[in-house]
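Structural description and commentary
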Amino acid sequence: MNLNKIIASIFGVGYIKGGGTVAAVITCLVIYLLRPTDVFEHILVLPLATVLVTLTGIHTGNQVEADWGKDSSRVVIDEVAGQMIALLFVPLTNFNLIVALILFRFFDIVKPLGIRKMEKLPAGTGVMMDDVLAGVYANIVLQIILFIISRYV
C-alpha cells in the first residue's frame, strides 16, 4: 500500500464496512481528546487544519482514483474534512460534537440541496466537495440550533 492510499483511507479505516461513519466518529473523538490541550486555543487552528485535510484529500483522491475507481468507499479523508467543517466556529462541547456528527452524516448520506452534484466534479475534487458541502450544511444547521438555544432556552 502506498502513502496516498494510507492517507486517503485514513490508515485503513476506509477498508472497514461503514468506514465513512467510522472516520467521522474518529474525527470527533480526536477533537474531543484534544480539547483539554491548548491546541484549539487559537481560533485559526481548526480552520487551517481543515483546509490542509481538504487539500490533502483532493490530492490523494486524484492519486488513488486510477487504482480504486471514482469516489471509492475506501477514501474516507473526505468524511474527516466534512466533519471538521461541521465543527468550525462552534464551541467544541460534547453536545456540539454529537449534533455536528449526526447532522454531517445526515447530509452526507441523504445528499440534498446540490450535494450529489458535487460528486460529478473531476477526480479528487469531486470526492471531497460533496463532503465539504455536507459539512457546510451541517455547520449552518448547528449554528441555527445554537442561536435558537441561546435566545429561547
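Predicted, not measured: the structure shown is a model, and the values here were computed from it. (Residues numbered from 1 in each chain as written. Predicted model: local features only at pLDDT ≥ 70, side-chain atom pairs only at ≥ 80, totals over all residues. Heavy atoms only, no water.)

1. Notes on the nonpolar core
Looking at soluble globular proteins, one finds that nonpolar side chains tend to be buried together. Counting 39 residues, the largest nonpolar core has Leu 46, Val 75 and Leu 87 as the members making the most contacts within it. Of all elements in the fold, only helix H2 (19-34), helix H3 (45-68), helix H4 (77-86), helix H5 (94-110) and helix H7 (123-152) reach the threshold of two or more residues within this core. Beyond its immediate chain neighbours, meaning those up to four positions away, Val 75 contacts Ala 8, Val 64, Trp 68 and Val 127. (Core = buried A, V, L, I, M, F, W, Y, C linked by side-chain atoms within 4.5 Å. Buried < 20%, exposed > 50% of the residue type's maximum accessible area, 1.4 Å probe, protein only. Helix = DSSP H or I, 4+ residues; strand = E, 2+ residues; numbered from the N terminus. Contact = heavy atoms within 4.5 Å.)

2. Points about the side chain of Arg 105
With respect to the helices and strands, the residue Arg 105 is situated in helix H5. A relative accessible area of 13% means that Arg 105 is categorised as buried. There is a polar contact of 2.5 Å between the side chain of Arg 105 and the side chain of Asp 108. (Polar contact = N/O pair within 3.5 Å; in protein donor to acceptor, adjacent residues only side chain to side chain.)

3. Topic: a nonpolar patch on the surface
Residues Phe 95, Val 136, Ile 140, Ile 144, Phe 147, Ile 148, Ile 149, Tyr 152 and Val 153 make up a contiguous nonpolar surface patch of roughly 910 Å² in combined accessible area. As for its position among the elements, Phe 95 is in helix H5. (Patch = residues over 30% accessible without salt bridge, like charges linked within 9 Å, V, L, I, M, F, W, Y side chains within 5 Å. Areas by Shrake-Rupley, 256 points an atom, 1.4 Å probe, with all protein chains shown as cover. Salt bridge = Lys/Arg side-chain N within 4 Å of Asp/Glu carboxyl O.)

4. With respect to the packing of aromatic side chains
Throughout the structure, instances matching the rule amount to 3 aromatic pairs. Consider the rings of Tyr 15 and Trp 68, whose centres lie 6.0 Å apart with planes at 90°: the pair is edge-to-face. Of this pair, Tyr 15 sits in the loop between helix H1 (3-8) and H2 while Trp 68 sits in helix H3, and the two are 53 residues apart along the sequence. Since its relative accessible area comes to 43%, Tyr 15 is described here as partly exposed. Accessibility expressed as a relative area gives 10% for Trp 68, which makes it buried. A ring pair is formed by Phe 107 and Tyr 137, whose centres lie 5.7 Å apart and whose planes are at 55°; its orientation type is tilted. Residue Phe 107 is located in helix H5, and its partner Tyr 137 is located in helix H7; the two are separated by 30 residues in the primary sequence. Of the residues examined, Phe 107 reaches a relative accessible area of 8% and is grouped as buried. (Phe/Tyr/Trp six-rings, centres within 6.5 Å; stacked < 30°, edge-to-face > 60°.)

5. Brief notes about the packing of H2 against H5
Where H2 contacts H5, the axes come no closer than 11 Å and their chain directions differ by 160°. Comparing their axes, H5 and H2 come out roughly antiparallel. For the crossing formed where H2 meets H5, the hand is right-handed. Between H2 and H5, the residues in contact are Gly 20, Thr 21, Ala 24, Val 25, Cys 28, Ile 31 and Tyr 32 and Asn 94, Leu 97, Leu 101, Phe 104 and Arg 105, respectively. Split into classes, the residues belonging to the contact of H2 with H5 amount to 8 nonpolar, 3 polar and 1 charged. (Axes fitted to C-alpha atoms, helices over the stretch in contact; angles between N-to-C directions. Parallel < 35°, antiparallel > 145°, perpendicular 65-115°, else oblique. Left-handed = near helix turned anticlockwise from the far one by under 90°. Nonpolar A, V, L, I, M, F, W, Y, C, P; charged D, E, K, R; others polar.)

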